[in-house]
Amino acid sequence: MTIKDYRTQAGLTQLEMSKRFEIPKRTIENWETGKRKPPQYVEKLIIEKLKKIAEEKE
């Protein structure tokens, strides 16, 4: 699964994720469209956080 998949599971828009994680929205857009790839450790941390957010909403 991708960051986008986990983000949507968590019920967050790109803007909401941007604000919550303090990551520029453009960066998230670039990751999701494949223009750029986050460092692997960053991707793992973000996915872990998004999973927790999704679990809290259940």
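Just above sits the structure.
Procedures and definitions
- Residues numbered from 1 in each chain as written.
- Predicted model: local features only at pLDDT ≥ 70, side-chain atom pairs only at ≥ 80, totals over all residues.
- Heavy atoms only, no water.
- Helix = DSSP H or I, 4+ residues; strand = E, 2+ residues; numbered from the N terminus.
- Buried < 20%, exposed > 50% of the residue type's maximum accessible area, 1.4 Å probe, protein only.
- Contact = heavy atoms within 4.5 Å.
- Axes fitted to C-alpha atoms, helices over the stretch in contact; angles between N-to-C directions.
- Parallel < 35°, antiparallel > 145°, perpendicular 65-115°, else oblique.
- Left-handed = near helix turned anticlockwise from the far one by under 90°.
- Nonpolar A, V, L, I, M, F, W, Y, C, P; charged D, E, K, R; others polar.

Draft legend 1. Fine view of the environment of Leu-50. Following the sequence through the fold, Leu-50 ends up in helix H4 (residues 40-57). Residue classification places Leu-50 among the buried positions, given a relative accessible area of 0%. For the pair Leu-50 and Phe-21, spaced 29 residues apart in sequence, the C-alpha separation works out to 9.9 Å. Sequence-distant contacts of Leu-50, that is, excluding residues within four places in its chain, are made with Ile-3, Tyr-6, Arg-7, Ala-10, Leu-12, Met-17 and Phe-21.

Draft legend 2. Fine view of the packing of helix H2 (residues 14-21) against H4. The N-to-C vectors of H2 and H4 enclose an angle of 110°; their axes lie 13 Å apart at closest approach. Classed by the angle they form, the pair H2 and H4 counts as roughly perpendicular. Where H2 crosses over H4, the two elements pack in a sense that is right-handed. Between H2 and H4, the contacting residues are Met-17, Arg-20 and Phe-21 on the first element and Ile-46, Lys-49, Leu-50 and Ile-53 on the second. By residue class, the composition of the contact of H2 with H4 is five nonpolar, no polar and two charged.

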